[in-house]
Amino acid sequence: MTEEFKIVIPARYESTRFPGKPLADIHGKPMIQRVHEAAVDSGASEVVIATDSTMIGMAAEEFGATVCMTSADHVSGTDRLCEVVDKLAWPDDTVVVNLQGDEPLTPPAIVNQVAVNLMNNTQAGCATLFTGLTQEEAKDPHIVKVVTDANGLALYFSRSIIPYIRDADDQAMAELQYKRHIGLYAYRVELLKRFESMETCVLEQAEKLEQLRLMWHGVRIHAAEAVSVPGRGIDTPEDLERVRAAIAPDY
């Protein structure tokens, strides 16, 4: 099996908390360029920046990126991804990684990992990753948790603490691992084409987690522990300053 895969980087200009953040400067490079560099380093056969902003598109073309202009009406990055695969007419069996445009500290190794995991798990419709959590961290509703079965297939995602410990003994506690979901996904084009017609469900609406729509409609999601822990994403100007501090000025 070939390990060839593609990457789409959704990047929109409008943001409630941080308008224009894909163009925010990080030591002389716009954020979107640093995300693109991580994508290229992952070994993808093709990397596409999907945006509804001509300013982002022009900036991306200046550093040599392939750009696909998309609608400004998309609700999520996955919807934008669907438009890209339709416009570029990629075959149904193509594996596509959705790499968010505000994640410049994503290790290239885990982008490759999630794509290869999907290729190696044909029973799954998409693949994602997780890292470990302490019990205290698992109580945080801002952190999405995942529980998997013996084959690495997701059983559920939640903002609540899962699994809930009722009367676990010391051995059970030692074996238990809380899993922090990383919002990095690999899909096959065939699933993305179906996603557009999938109706939302009560679980997605309650948890505000799009992946629950896939599970509601019977799609299996493979989830594995990431080989490298990603740095934080950028949602606010304060996050940007933390990322700037984490990246060497000459990098």
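The structure under discussion appears in the preceding block.
Summary of the structure given here. (Residues numbered from 1 in each chain as written. Predicted model: local features only at pLDDT ≥ 70, side-chain atom pairs only at ≥ 80, totals over all residues. Heavy atoms only, no water.)

## Some points on the pattern of salt bridges
Move 1: Scanning the entire structure with this criterion turns up 14 salt bridges.
Move 2: For K29, the salt bridge is made with E37, and the minimal N-O distance between the two is 3.0 Å.
Move 3: Overall, the relative accessible area of 21% leaves E37 in the partly exposed class.
Move 4: R220 is the salt-bridge partner of D149, the closest N and O atoms lying 3.6 Å from each other. Of the two residues, D149 sits in the loop between β8 (145-148) and β9 (154-158) while R220 sits in the loop between α9 (211-216) and β11 (221-225), which places them 71 residues apart along the sequence.
Move 5: A residue is classified by how much of its surface remains accessible, and D149, at 23% relative accessible area, is partly exposed.
Move 6: Note on R220: relative accessible area 34%, which makes it partly exposed. (Salt bridge = Lys/Arg side-chain N within 4 Å of Asp/Glu carboxyl O. Buried < 20%, exposed > 50% of the residue type's maximum accessible area, 1.4 Å probe, protein only. Helix = DSSP H or I, 4+ residues; strand = E, 2+ residues; numbered from the N terminus.)

## Details of a nonpolar patch on the surface
Move 1: Taken together, V202, L203 and W216 make up a surface patch of nonpolar side chains, about 290 Å² in accessible area.
Move 2: By the secondary structure assignment, L203 is in helix α8 (residues 202-207). (Patch = residues over 30% accessible without salt bridge, like charges linked within 9 Å, V, L, I, M, F, W, Y side chains within 5 Å. Areas by Shrake-Rupley, 256 points an atom, 1.4 Å probe, with all protein chains shown as cover.)

## Considering the state of the cysteines
Move 1: Summed over all chains, the structure comprises 0 disulfides.
Move 2: This cysteine, C82, is not joined by any disulfide, and C126 carries the nearest cysteine sulfur, 12 Å off.
Move 3: Taking the relative accessible area as the measure of exposure, C82 reaches 1% and is therefore buried.
Move 4: The thiol of C201 is not disulfide-bonded; the next cysteine sulfur, from C126, is found 14 Å away. (Disulfide = S-S within 2.5 Å.)

## Some points on the environment of H27
Move 1: Of note, H27 is situated in the loop between β2 (25-26) and β3 (29-30).
Move 2: Note on H27: relative accessible area 29%, which makes it partly exposed.
Move 3: Spatially, the C-alpha atoms of H27 and R244 are 7.1 Å apart, while their sequence positions differ by 217 residues.
Move 4: Ignoring sequence-local partners within four residues, the contact set of H27 consists of R34, R244, I247, A248 and P249.
Move 5: Polar contacts involving the side chain of H27 include one to the main-chain carbonyl oxygen of R244, which spans 2.8 Å. (Contact = heavy atoms within 4.5 Å. Polar contact = N/O pair within 3.5 Å; in protein donor to acceptor, adjacent residues only side chain to side chain.)

## Overview of the packing of aromatic side chains
Move 1: Taken as a whole and assessed by the stated rule, the structure comprises 1 aromatic pair.
Move 2: Aromatic side chains Y185 and Y187 sit 5.8 Å apart centroid to centroid with 25 degrees between the ring planes, which places their arrangement in the stacked category. Y187 carries the same exposure label as Y185, and that label is buried. (Phe/Tyr/Trp six-rings, centres within 6.5 Å; stacked < 30°, edge-to-face > 60°.)

## Examining the nonpolar core
A general feature of soluble globular proteins is that nonpolar side chains tend to end up buried together.
Move 1: Grouped together as the largest cluster of nonpolar side chains are 31 residues, with contacts concentrated most on F5, I7, I9, V97, L99, L129 and L184.
Move 2: Elements with a minimum of two residues in this core: β1 (6-11), α1 (31-41), β4 (46-51), α2 (54-62), β6 (95-98), α4 (108-120), β7 (126-133) and β10 (178-188).
Move 3: With 6 residues, the top contributor of residues to this core is α4.
Move 4: Beyond its immediate chain neighbours, meaning those up to four positions away, V97 contacts F5, K6, I7, V8, V111, V114, A115, L184, Y185 and A186. (Core = buried A, V, L, I, M, F, W, Y, C linked by side-chain atoms within 4.5 Å.)

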